[in-house]
Amino acid sequence: SSDVCSSDLNTAMWDVQEGDVKTLGLGVTVDDHKYFRPMMDNLLGQGSQWWNPEMVQDWTREFFQDRGSLDAGHDISSWSTKLLHKIHLNLDLSEEEALEFYDFQSLAVTVTAMLQSIVDHPIGRWGLSVHRLQQMRRNWLVKYKDAITRDTRGCFPPASEMSDHQLHLVATGIMDSLVFAGGLSVATITKAGLAVLFSSSSPLEESQRQLTEDTVTPLVFETIRRFPGVLGFPYWESTDINSFRTILNLGMSLRDPRAW
């Protein structure tokens, strides 16, 4: 339910205006989920027509081909942002737009993790730039809705067949994917993998840092295990008297010396 999702994140990013979802996509109603989820499965799932490993390789090769060096912080974020916007919405972001999105994403991740009491306080809202975050979100949703209605790939229903609520639902769901889910974890894990290979504190000997086709996949999986993109998985269980929250700590379990 929305209440469950809202209890994990504060409400600062969502708009006070009537009609906003006021939750991540995981917390929308069952009917909304049934409407939106098949689109995301079709767009991003294993059988997607809109991306595959070869497409990602070609896109990545073209993105980096003229670069003599790599700034992991900036370049990986720009690569991930542009690639994922292309797959989700067939949008070609400029470098300026990619930087604007990264600013929005960074602020969203910071603000939504704060206690509700902090973002409800006038000083907290001012210090965290909550109004700026909400305006940035509105601006990006305008772009996303325009891209959805213009998309000719067949990923979304025709604009004439979507209500305002349905269009808003699709746009906000895609925003969740780009800001929080793959949009955050793809870049984070890629940077971690590069750090394992090339940082001064790398755990690998020099001879182990030259990747081959046989060693790329093990490196990626081991990086995800050691530095998971999602550290915890919370869920609620309710009785007639009490509610219990359990958090599976993936960050700790994937480092358990009894298993690894």
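Preceding this paragraph is the structure being described.
Residues numbered from 1 in each chain as written. Predicted model: local features only at pLDDT ≥ 70, side-chain atom pairs only at ≥ 80, totals over all residues. Heavy atoms only, no water.

> When you look at the overall build of the protein chain in this model, what are you seeing that I'm missing?
A tally of regular secondary structure across the protein chain gives twelve helices and two strands. Ordering the α and β elements of the protein chain from the N terminus gives α-α-α-α-α-α-α-α-α-α-α-β-β-α. The globule rule puts the C-alpha radius of gyration for 260 residues at 18 Å, and the 20 Å found for the protein chain is close to it. With the principal axes as the frame, the protein chain shows a C-alpha extent of 60 × 50 × 40 Å. Per-residue burial for the protein chain yields a buried fraction of 36% across its 260 residues. In the protein chain, 61% of the contacts between residues at least 6 apart in sequence involve partners at least 24 apart. Of the side-chain charges in the protein chain, 22 are positive and 34 negative, and the distance between the mean point of each set is 3 Å. (Helix = DSSP H or I, 4+ residues; strand = E, 2+ residues; numbered from the N terminus. Rg over C-alpha atoms; globule rule 2.2 N^0.38 Å. Buried < 20%, exposed > 50% of the residue type's maximum accessible area, 1.4 Å probe, protein only. Contact = heavy atoms within 4.5 Å. Lys, Arg positive; Asp, Glu negative; His and termini not counted. Charge placed at Lys NZ, Arg CZ, Asp CG, Glu CD.)

> Any chance you could explain the side chain of Asp20 here in plain terms?
Relative to the helices and strands, Asp20 is located in the loop between helix H1 (2-8) and helix H2 (30-44). Within polar-contact distance, the side chain of Asp20 engages the side chain of His168 at 2.7 Å. The contact partners of Asp20, leaving out residues within four places of it in the chain, are Trp14, Asp15, Arg137, His168 and Thr172. (Polar contact = N/O pair within 3.5 Å; in protein donor to acceptor, adjacent residues only side chain to side chain.)

> Help me understand the nonpolar core, please; the structure alone is not making it clear to me.
Looking at soluble globular proteins, one finds that nonpolar side chains tend to be buried together. With 41 residues, the main nonpolar core has Leu89, Phe104, Tyr144, Ile148, Phe156 and Ile174 as its most contacted residues. Taken together, the elements giving at least two residues each to this core come down to H2, helix H4 (72-89), helix H5 (95-112), helix H8 (130-150) and helix H9 (164-179). Each residue touching Ile148, except ones within four places of it in the same chain, is listed here: Leu89, Phe156, Met162, Leu167, Val170, Ala171 and Ile174. Among the nonpolar cores identified, the runner-up in size contains seven residues, and Phe63, Ile76, Trp79 and Leu83 belong to it. (Core = buried A, V, L, I, M, F, W, Y, C linked by side-chain atoms within 4.5 Å.)

> Honestly, the pairing of strand E2 (residues 243-249) in this entry has me stumped. Any pointers?
It is a general feature of regular strands that their side chains alternate between the two faces of the sheet. Alignment of strand E1 (residues 232-238) against E2, held across seven bridges, turns out to be antiparallel. Counterpart to Gly232 in the pairing with E2 is Asn249. Taking the residues that link successive antiparallel strands as the turn, the E1-E2 hairpin has four residues. (Pairing = 2+ DSSP bridges.)

> Help me understand the side chain of Thr81 in this model?
Summarising the element assignment, Thr81 is placed in helix H4. Sequence-distant contacts of Thr81, defined by excluding residues within four places in its chain, comprise Leu93, Ala98 and Phe101.

> Could you clarify how one ought to interpret the packing of aromatic side chains in this entry?
For any pair of aromatic rings, geometry is given as the distance between the ring centres together with the angle between the planes. In total, this model carries five aromatic pairs according to the counting rule given. The interplanar angle of 80° and the centroid separation of 4.8 Å between the aromatic rings of Phe63 and Phe64 together place this pair among those described as edge-to-face. Here Phe63 falls in the buried class, since its relative accessible area comes to 13%. Pairing Trp140 with Tyr144 gives two aromatic rings, centres 5.9 Å apart and planes at 55°, and the pair type is tilted. In this pair, Trp140 and Tyr144 both sit in helix H8, four residues apart, roughly one turn of the helix. With respect to burial, Trp140 and Tyr144 carry one shared label: buried. Clustering of aromatic rings is evident, with ring pairs tying together Phe101, Phe104, Trp140 and Tyr144. (Phe/Tyr/Trp six-rings, centres within 6.5 Å; stacked < 30°, edge-to-face > 60°.)

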